[in-house]
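An overview of the molecular structure
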Amino acid sequence: MTTHMIKITESEADIVAKGRKMFVFRNSNCGVKENDTLQFRVIFKGKQRPHKIETQRFLVTHVSSDAPIEKGFSAIAFRRTV
């Protein structure tokens, strides 16, 4: 099991932190697999911005690169663990 740091916008972080969005699309080369852990970092104008999502951890429940997802990208589903 690996922990991955995922960059995210503040508006997307708000939605994920509230539990209203449980997936992201990322480059397939990021190496995320089922049962890995995700941590999110809010980035604004190239700099990290403090956000409550930084204290939360997420378990990857599913990763898919199958169509209709654009080639080179994966859909990563997750659920909050802490």
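Residues numbered from 1 in each chain as written. Predicted model: local features only at pLDDT ≥ 70, side-chain atom pairs only at ≥ 80, totals over all residues. Heavy atoms only, no water.

What about the packing of aromatic side chains?
Keep this limit in mind: Two rings from Phe, Tyr or Trp (for Trp, the six-membered ring) form a pair when their centres are within 6.5 Å of each other. A pair whose planes differ by under 30 degrees is stacked, one over 60 is edge-to-face, and the rest are tilted. Segments assigned H or I by DSSP are reported as helices when at least four residues long, segments assigned E as strands when at least two residues long, and all are numbered from the N terminus.
Here the structure, examined in full by the defined rule, presents 4 aromatic pairs. Judged by centre distance (5.3 Å) and plane angle (75°), the rings of Phe40 and Phe58 are edge-to-face. With a gap of 18 residues between them, Phe40 in strand β3 (residues 37-44) and Phe58 in strand β5 (residues 58-64) connect regions that are remote in the sequence. Linked through ring pairs, Phe40, Phe58 and Phe78 together constitute an aromatic cluster.

A short note on the nonpolar core
So the rule is basically this: In this text, buried Ala, Val, Leu, Ile, Met, Phe, Trp, Tyr and Cys residues form a nonpolar core when linked through side-chain atoms within 4.5 Å. Burial here depends on accessible area, computed with a 1.4 Å probe over protein chains only, as a share of the maximum for the residue type. Under 20% is buried, over 50% is exposed, and the range in between is partly exposed. Residue contacts are counted whenever heavy atoms from the two residues lie within 4.5 Å of one another.
Ranked by internal contacts, the top residues of the largest apolar core, which has 15 residues, are Val16, Leu38, Phe40, Ile53, Phe58 and Phe78. Broken down by secondary-structure element, the contributors of at least two residues to this core are β1 (3-8), α1 (10-17), β3, β5 and β6 (73-80). Dropping the residues within four chain positions of it, Ile53 is found in contact with Ala13, Val16, Ala17, Phe40, Val42 and Phe58.

Re α1
For clarity, the threshold we go by: Directions drawn from the helix axis to the C-beta atoms are what define this arc.
Among the residues of α1, Glu12, Ala13, Val16 and Ala17 are the ones counted as buried. Here the buried residues of α1 occupy an arc of 130° about the axis, which is enough to place them on one side. Contacts from the buried residues of α1 go to β1, β2 (23-27), β3, β5 and β6. Within two residues after α1, Gly19 carries a phi angle of roughly 80°, on the positive side.

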